[in-house]
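Listed here are the chains, written in short residue letters.
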Amino acid sequence: MEQSQSNPAYEVVQVCLLAGKIMLENGGETYRVEDTMTRIADAFGLPNAHSFVTPTGIIFSVEGPGQTTRLVRISERSTDLRKVTDVNAVSRRISSGEMSPAEAYRELQEIEAAQPRYPVGVKIAAAAIASACFLIMFGGSWHDFMPALLTGGAGLAFLLYFHRLVPIKFFAEFLSSLLIGTLAFLMLRLGLGQDLDKIIIGSVMPLVPGLLITNAVRDLMAGHFVSGLSKGAEAFLTAFAIGAGIAFVFAFFAGEGGL
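Residues numbered from 1 in each chain as written. Predicted model: local features only at pLDDT ≥ 70, side-chain atom pairs only at ≥ 80, totals over all residues. Heavy atoms only, no water.

J.: Any details on helix 8 (residues 196-204)? Residues and values, ideally.
T.: Among all positions in helix 8, only Leu196, Ile199, Ile200, Gly202, Ser203 and Val204 are buried. Regarding helix 8, its N-cap is Asp195, as a side-chain oxygen of that residue lies 3.2 Å from the backbone nitrogen of Asp197 further along. (Buried < 20%, exposed > 50% of the residue type's maximum accessible area, 1.4 Å probe, protein only. Helix = DSSP H or I, 4+ residues; strand = E, 2+ residues; numbered from the N terminus. Polar contact = N/O pair within 3.5 Å; in protein donor to acceptor, adjacent residues only side chain to side chain.)

Okay, here's the thing in structure tokens:
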């Protein structure tokens, strides 16, 4: 880690910002990110630290003789709660005095560079199984279990593929739900399924922004209104993209006389 001879707080600020960045990029709540950063700063002897976190950026400031203010832009966000847990573990070790700023920074760099714990194939398989189980939970029949499994797995695969081609989250979700609806209808047309509604509902569940909605509510309850409202708006747009894709399929096949 690069050090500043004229500012002894530089290393600590670097550690705090990296910890907050990792947590925010991987599904951590805004209030948890702010609390973790201030706790790390306090453990390293900087009690007058202030942080302001939004879903797209972190501002961190330290008062005192070596006063400094830093900004980190957050452009990519996903869900990897394993990394959030690892950062929390580092924070606890810092609070107990087991790590120096340099050691903490190196470990945080390793956490940030770590590859996703589960490969793409495992994620698709999990989405497929979850879709089929959601179908049963919502009152579907076992005859539709396999169609929902195939359609749900294909839906997540489409989402990952489209997001790689066009890095616009809502556009990828719209196309993915569009293909989910089309596949579900084709399954029904081929006689592989019975209840189109249940197959579609089960298949789109892995795309539903459940964690985003939960974090939005928790941030609002914690008084972080900017983050809560922005996450709520993002969740609404995601739900709208999913619903629009399915609605387009229903409208198209209804016009063709297929529904």
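There's more to say after this.
J.: How would you sum up the layout of surface pockets? Please name residues and give values.
T.: In this model, the largest pocket occupies a volume close to 2100 Å³. Every residue lining the largest pocket is counted, 48 residues in all, and those nearest its centre are Arg77, Ser78, Thr79, Lys123 and Leu160. Elements supplying a minimum of two residues to the lining of the largest pocket: helix 1 (10-25), helix 3 (81-95), helix 4 (101-113), helix 5 (120-137), helix 6 (145-165), helix 7 (169-189), helix 9 (210-221) and helix 10 (225-255). Partitioning the lining of the largest pocket into residue classes produces 24 nonpolar, 10 polar and 14 charged. No fewer than three residues from each of domain 1 (8-113) and domain 2 (120-255) sit in the lining of the largest pocket. (1 Å grid on protein atoms, 1.4 Å probe; cavity = no way out; pocket = protein on both sides within 12 Å on 5 of 7 lines; lining within 4 Å. Points joined across faces, edges and corners; volume = space filled by probe spheres on them. Nonpolar A, V, L, I, M, F, W, Y, C, P; charged D, E, K, R; others polar. Domains from an automatic or database assignment.)

J.: Report on the UniProt feature "transmembrane region" (unreviewed entry) in the protein, specifying residues and quantitative values.
T.: Annotation from UniProt places "transmembrane region" (unreviewed entry) at residues 120-139, 174-193, 199-221 and 233-254. As annotated, residues 174-193 has a helix share of 80% and a strand share of 0%, and its two end C-alpha atoms lie 23 Å apart. (UniProt positions renumbered as here; feature names shortened; annotations may be inferred.)

J.: Any details on the packing of aromatic side chains? Residues and values, ideally.
T.: Tallied over the full model, the rule gives four aromatic pairs. Their ring planes at 15° and their centres at 6.0 Å tell us that Phe134 and Phe138 sit as a pair that is stacked. Residue classification places Phe134 among the partly exposed positions, given a relative accessible area of 27%. Residues Tyr161 and Phe162 carry aromatic rings whose centres are separated by 5.8 Å and whose planes lie at 55° to one another, so their mutual orientation is tilted. Taking the relative accessible area as the measure of exposure, Tyr161 reaches 49% and is therefore partly exposed. Feature note: the residues Phe158, Tyr161 and Phe162 constitute an aromatic cluster, connected by ring pairs. (Phe/Tyr/Trp six-rings, centres within 6.5 Å; stacked < 30°, edge-to-face > 60°.)

J.: Go over the pattern of salt bridges with me, naming the residues and quoting the values.
T.: Summed over all chains, the structure comprises 13 salt bridges. Its salt-bridge partner being Asp86, residue Arg82 comes within 3.9 Å of it at the nearest N-O pair. Highlighted residues: Arg82 and Asp86, both in helix 3, separated by four residues, approximately one helical turn. Each of Arg77, Lys169, Glu173 and Glu234 takes part in salt bridges that share partners, so that together they form one network. (Salt bridge = Lys/Arg side-chain N within 4 Å of Asp/Glu carboxyl O.)

J.: Lay out helix 4 in plain terms, naming residues and giving numbers.
T.: Across its 13 residues, helix 4 extends 18 Å between first and last C-alpha, which sits within 8% of the 18 Å expected from 1.5 Å per residue. Burial in helix 4 covers these residues: Pro101, Ala104, Tyr105, Leu108 and Ile111. The arc that holds every buried residue of helix 4, seen down its axis, measures 120°, which confines them to one face. In helix 4, those exposed residues whose orientation departs by more than 90 degrees from the buried face are Glu110 and Ala113. Contact partners of the buried residues in helix 4: helix 1 and helix 3. (Expected span 1.5 Å × (residues − 1). Arc of directions from axis to C-beta. Contact = heavy atoms within 4.5 Å.)

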